[in-house]
Every structure is written in C-alpha cells, then in structure tokens.
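Architecture and fold: a report
Residue-level listing of the chains:
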Amino acid sequence: MQIDHRLIEKAQRNDRLAQKQLYDQYAPALLSVCRLYINDLQFAEDALLKAFFKIFTNLSKYEEQEHFYAWMRRIAVNECIDFLKSKAQKLSFADWSDTYDTIDDVYLENETFSESEIQSFVDQLPTACRTVFNLYVFEDYSHKQIAEELSISEGTSKSQLAYAKKLLQQHVTTYKKRA
C-alpha cells in the first residue's frame, strides 16, 4: 500500500476527510487481520472500529520511521487480543503434551488455497490455539512474546502452536479428501 505522508499529517490534525480516506484505504486489510483472531464477522468489525478509534486517537504518537501499516496492524491485533481476553468465553489454554517438536511444517507444501479456504481452516481452530497460531505465524511473535502477551508459559505457547498445526493438518487432509 502506498503511504501518503501528507494524508497522515492531515489526519494527525484531526482532518475528518483525511481520517476517512485512511479508514477506506486500510480497513479491508485490517478487517482481514481481525478475522484471523475473531470468528464472528460482527465482533471482528467491532474490534476493527475500536482499533481505528485508537489509531486516530494515537496518530500523533506515530513516528514516520515506523511502517504505517505495521503500526496500525499492531494496534488491531492488540485490540483483538483484548476482545478475546474480555469475551465471556475466556481463552482456555491447555498444555497439549504430544511431542510438539515432531510436527511437520511441510504438509501444506505445493498446496494452493484461496483466502476464504485458509480463513475457514483457521476459523475451525479453538480460540486459544488460533490466537497463538496467528501471533506466531502471521505476526511473527516469539513464544516468549506470546507467553507475555497472553499470560501463559512458553511451553503452553509451543504446545498450542503444535496443536493448531495438527488440527490444521487434519482439516486440510479432510478437505482434500472431499475435493
């Protein structure tokens, strides 16, 4: 996405038209990020709106040397995590004791899936392991960072990631058998 620094400067001065243009430009991509974490589209849209509120409220703190989309994405991800933490169905992390070091990452090699198929696979994951999976795979968090963010142990993060991979492998295998 091409960043228009003049547009950002206008938005920093509370120019509503500039803010709307930023929203229109980035909302679709950030909604996709929110959907990775939150299954329900309406809740994902709510998280997106709260993220944009925080983005516009804190736009004066944005520093030009940061990548603008990455800065906004981090806010959106944090908003999704806050939503999941506050949700009535609390995140439930269980240590999955199967040897997570043996999970093979190559099961998707040479496979091509549409964005909606991938979203469907990820949506089928339990909330807790989906959150760990998304933070690790899409946000490039380390297990230590995930553990700190979600108040879990690094071992739990690793086991949840392995469990997510195992479930995804099962979903992909089932999907390929049906196709």
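Presented here is a report on the structure given in the accompanying data block. Predicted model only: the values in this text are computed from it and were never measured.

Reading guide: rules and limits
Along each chain, residue indices are assigned from 1 in the same order as the chain's sequence is written. Per-residue local features of the predicted model are confined to residues with pLDDT of at least 70, and side-chain atom pairs are confined, for both listing and counting, to 80 or more; whole-chain, interface and lining totals are unaffected and use all residues. The basis for every side-chain value is the complete set of heavy atoms in the structure, and neither hydrogens nor water enter the calculation. Geometry is summarised by axes, namely lines fitted to C-alpha atoms with helices restricted to the contacting stretch, and by angles between N-to-C directions that run from 0 to 180 degrees. In this text, helices come from DSSP runs of H or I with a minimum length of four residues, and strands from runs of E with a minimum of two, each type numbered from the N-terminal end. Roughly parallel means an angle under 35 degrees; roughly antiparallel means over 145; roughly perpendicular covers 65 to 115; every other angle is labelled oblique. Put simply, a crossing is left-handed when the front helix is turned counterclockwise from the back one by less than a right angle, and right-handed when it is turned clockwise. Whether two residues are in contact is decided by their heavy atoms: any pair within 4.5 Å suffices. Each residue gets one of three labels, nonpolar for Ala, Val, Leu, Ile, Met, Phe, Trp, Tyr, Cys and Pro, charged for Asp, Glu, Lys and Arg, and polar for the others, Gly among them. Geometry of aromatic contacts follows a simple scheme: Phe, Tyr and Trp rings, the Trp one being its six-membered ring, pair when their centres are within 6.5 Å, and the pair is stacked under 30 degrees between planes, edge-to-face over 60, tilted otherwise. Residue exposure (1.4 Å probe, protein chains only): buried if accessible area is under 20% of the type maximum, exposed if over 50%, otherwise partly exposed. Grouping buried Ala, Val, Leu, Ile, Met, Phe, Trp, Tyr and Cys residues that are joined through side-chain atoms within 4.5 Å yields what is termed a nonpolar core. The source of the domain bounds is an automatic or database domain assignment.

So, the packing of helix H2 (residues 16-37) against helix H4 (residues 68-86)
Here H2 crosses H4 at 45°, and the two axes come no closer than 10 Å. When the axis of H2 is compared with that of H4, the two are oblique. In the crossing of H2 with H4, the sense of the turn from one axis to the other is right-handed. The residues of H4 that touch H2, namely those facing Leu22, Tyr26, Ala29, Leu30, Val33, Cys34, Leu36 and Tyr37, are Phe68, Tyr69, Met72, Arg73, Ala76, Val77, Cys80 and Leu84. A breakdown of the residues in the contact of H2 with H4 according to their chemical character gives 15 nonpolar, no polar and one charged.

Remarks on the packing of aromatic side chains
Evaluated as defined, the whole model comprises 10 aromatic pairs. Ring centres of Phe68 and Trp71 lie 6.0 Å apart, and the angle between their planes is 20°; on these two criteria the pair is classed as stacked. A residue pair is termed a helical-turn pair when its members lie 3 or 4 positions apart in one helix, as Phe68 and Trp71 do in helix H4 at three residues. Exposure class is identical for Phe68 and Trp71. Each is buried. Here a set of aromatic residues connected by ring pairs shows up, and it is made of Tyr26, Tyr62, Phe68, Tyr69 and Trp71.

What to know about the nonpolar core
Residues Leu22, Leu30, Tyr37, Ile55, Leu59 and Phe68 are the most contacted members of the largest nonpolar core, which totals 52 residues. Of all the elements in the fold, those that place two or more residues in this core are helix H1 (5-12), H2, helix H3 (41-57), H4, helix H5 (115-123), helix H6 (127-137), helix H7 (143-150) and helix H8 (154-178). Here this core gets 11 residues from one element, more than from any other, and that element is H4. Here this core gathers at least three residues from each of two domains, domain 1 (5-87) and domain 2 (115-177). Residues within four places of Leu30 in sequence aside, it is in contact with Leu48, Phe52, Ile55, Tyr69, Met72, Arg73 and Ala76.

Here we look at unusual backbone geometry
Excluding glycine, residues mostly have negative phi values, and the peptide bonds linking residues are mostly trans. One non-glycine residue, Asn14, adopts positive backbone phi at about 65°. Inspection of the secondary structure puts Asn14 in the loop between H1 and H2.

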